[in-house]
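Summary of the model geometry
The lines below spell out each chain.
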Amino acid sequence: MKKQLKKHLMYYVSFAIIQSIGFVFVLLTAYDKQVQLLIITLTTFFYIIWALAHQYIHHHLNAKIMVEYILIGTLGVAVSLLLFNV
Amino acid sequence: MKKFLQHLLIPHQSNNHRAKLLHHHSLLILTILVFISSFFIQSIQKEYPSVLGISANVSIDDLLSLTNKKRQEKGLPPLNLNTHLSQAAAMKAHDMFGKNYWAHIAPDGTTPWVFIKNSGYEYLYAGENLARGFNNTPEVVNAWMESPSHRENMLSPHYNDIGFAVVPGSLTGSDTVLVVEMFGSQYIAKDSTPSEAALGAALPSPTISNVKQLARTASPVPSITTPTETQITPFQAEANSVREIAASSNNPLIDSKSMTRQISFFIILFIIALLIMDVIIIKRKKIVRVVSHNLDHIFFLAIILITAIIIGKGVIL
């Protein structure tokens, strides 16, 4: 895991920044659950795009990997929906 | 049984070196189940609120006693529960649900002081604290005490009276329990007060930005006035009814908030655990596979988990 982190350091740093921005916006919009859910969905979308772009750059991208990212991302949104209960 | 669990949870030859529960179709089924559960819970909540609903374990008596306890710890006199302020708090809560906003000042410019005036409470000083989404009374009071501006209201020597409303409802897209706390000290008749000029000079002028505390100026009408003041229909309930609202709604059979939180936490933690186990076992066995980075998923799901923990807490304003 450490090796992977070092090898793709820039990717993980930018990934953490995107996620953190989403997280901060979720905190800032505590007044409206629907807006929070929208921000989580957008952050998930960026997570999928960013990860797929990274895989593409490193020539690892294939349909199986693409589906896996989409499924994990959709699961994250589904759990958020359950959590917000909206 | 052991083999079946191994097949489900641990990378092995039988599952093509990837836990069966991390296979695409398993993730798809899990995602669909979560979506269905979400809509199912929402439907039950609407149809049978007594079975599945928001638990309101916030009591007005406890709010009063805890607030007064905090004041007494600082050597301040206790506040008296005032019917008019409780009515004003209930009116404010119903206005927030009716107009769907979460703020001290309504989108149409209605200030908290309008509700206090409409309740018949002639104030010299007034203040308002708001809270939503808390599970019990100590959490609400502690959250207010941790915020400097809210604490200032709770420990202000200017106030003599207090009123509360604990009202469940749907606000900005989610079911919640709203707690409105109104503070005040009554405006005494002319002959028992200092001269108007002296009063006006001694007390700060009310401003919109200083929402939580308002001193009445020397003029008979507070300087914060809104054009909508006359349009507000006073909430007819007395303070006792407010107590009833809180009492009647606080005991559904199952608390939907804690249930959905527990399910969400379990799913996320379970998938994270599977992914971590997958990384460790595959590394040990030095198996080469074509899959996405588990680390990406772990980070992503961890962020969702942290968000869930943070947003699950109540919010004060």
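The structure under discussion appears in the preceding block.
So, a few notes on the structure that sits alongside this text. Position labels on residues start from 1 in each chain and follow its written sequence. Chain letters and ligand numbers both follow the written order, the letters beginning at A and the numbers at 1. Owing to the predicted nature of the model, reporting of local features is limited to residues with pLDDT of at least 70; listing and counting of side-chain atom pairs is limited to 80 or more, with chain, interface and lining totals taken over all residues.

A few points about the interface of chain B and chain A
Throughout, a residue-residue contact means that the two C-beta atoms, derived from backbone geometry, are no farther apart than 7 Å. On the side of chain A, 36 residues touch chain B, which itself brings 41 residues to the contact. Every element with two or more residues in the side of chain B that touches chain A is listed here: helix H2 (24-47), strand S5 (174-186), helix H10 (256-285) and helix H11 (294-311) of chain B. Where helices and strands are cited, they refer to DSSP runs of H or I of at least four residues and of E of at least two residues respectively, numbered from the N terminus. The dominant element in the side of chain B that touches chain A, judged by the number of residues it contributes, is H11 of chain B, at 12 residues.

Structural notes on unusual backbone geometry
Residue and element names in this part refer to chain B. Look at asparagine 16: it is not a glycine, yet its phi comes out positive at around 60 degrees. With respect to the helices and strands, the residue asparagine 16 is situated in the loop between helix H1 (2-9) and H2. Positioned with a positive phi, asparagine 100 is a non-glycine residue whose angle comes to about 55 degrees. Along the chain, asparagine 100 falls in the loop between helix H4 (83-99) and helix H5 (112-118).

Looking at the nonpolar core
Counting residues in hydrophobic clusters, the biggest one holds 40 residues, and the most contacted among them are Ala89, Ile116, Val179 and Val180 of chain B. When contributions to this core are tallied by element, the ones reaching two or more residues are helix H3 (60-73), H4, H5, strand S3 (123-132), helix H6 (137-146), strand S4 (161-171) and S5 of chain B. If one sorts the elements of this core by residue count, H4 of chain B sits on top with seven residues. In this structure, isoleucine 116 of chain B is in contact with Leu85, Ala88, Tyr121, Tyr123, Ala126, Met182 and Gly184 of chain B, ignoring residues within four places of it in sequence. When buried Ala, Val, Leu, Ile, Met, Phe, Trp, Tyr and Cys residues are joined through C-beta atoms within 7 Å, the set is termed a nonpolar core. Partly exposed residues are those whose C-beta has more than 12 but fewer than 20 other C-beta atoms within 10 Å; with 20 or more the residue is buried, with 12 or fewer it is exposed, and the C-beta atoms are placed from the backbone. The next biggest cluster of nonpolar side chains, apart from the first, holds 31 residues, and it includes Ile39 of chain A together with Ala19, Ile271 and Ile304 of chain B.

Here's the deal with the packing of helix H4 (residues 63-84) of chain A against H10 of chain B
Angles here are taken between N-to-C directions and fall from 0 to 180 degrees, while the axes themselves are lines fitted to C-alpha atoms, restricted in helices to the stretch in contact. For the pair H4 of chain A and H10 of chain B, interaxial distance at closest approach is 8 Å and the crossing angle is 160 degrees. Here H10 of chain B runs roughly antiparallel to H4 of chain A, going by the angle between their axes. You can see that H4 of chain A and H10 of chain B cross each other, and the crossing is left-handed. Each of Val79, Leu82 and Leu83 of chain A in H4 of chain A lies in contact with H10 of chain B, whose residues at this interface are Thr260, Arg261, Ile263, Ser264, Ile267 and Ile268 of chain B. Ten residues, namely Ala, Val, Leu, Ile, Met, Phe, Trp, Tyr, Cys and Pro, are considered nonpolar, four, namely Asp, Glu, Lys and Arg, are considered charged, and the remaining ones, Gly among them, are considered polar. In terms of residue class, the contact of H4 of chain A with H10 of chain B is built from six nonpolar, two polar and one charged. For classification, angles of less than 35 degrees are called roughly parallel, those exceeding 145 degrees roughly antiparallel, those between 65 and 115 degrees roughly perpendicular, and all remaining angles oblique. Helix crossings get a hand from a simple test, with the near helix turned counterclockwise from the far one by less than a right angle marking a left-handed crossing and a clockwise turn marking a right-handed one.

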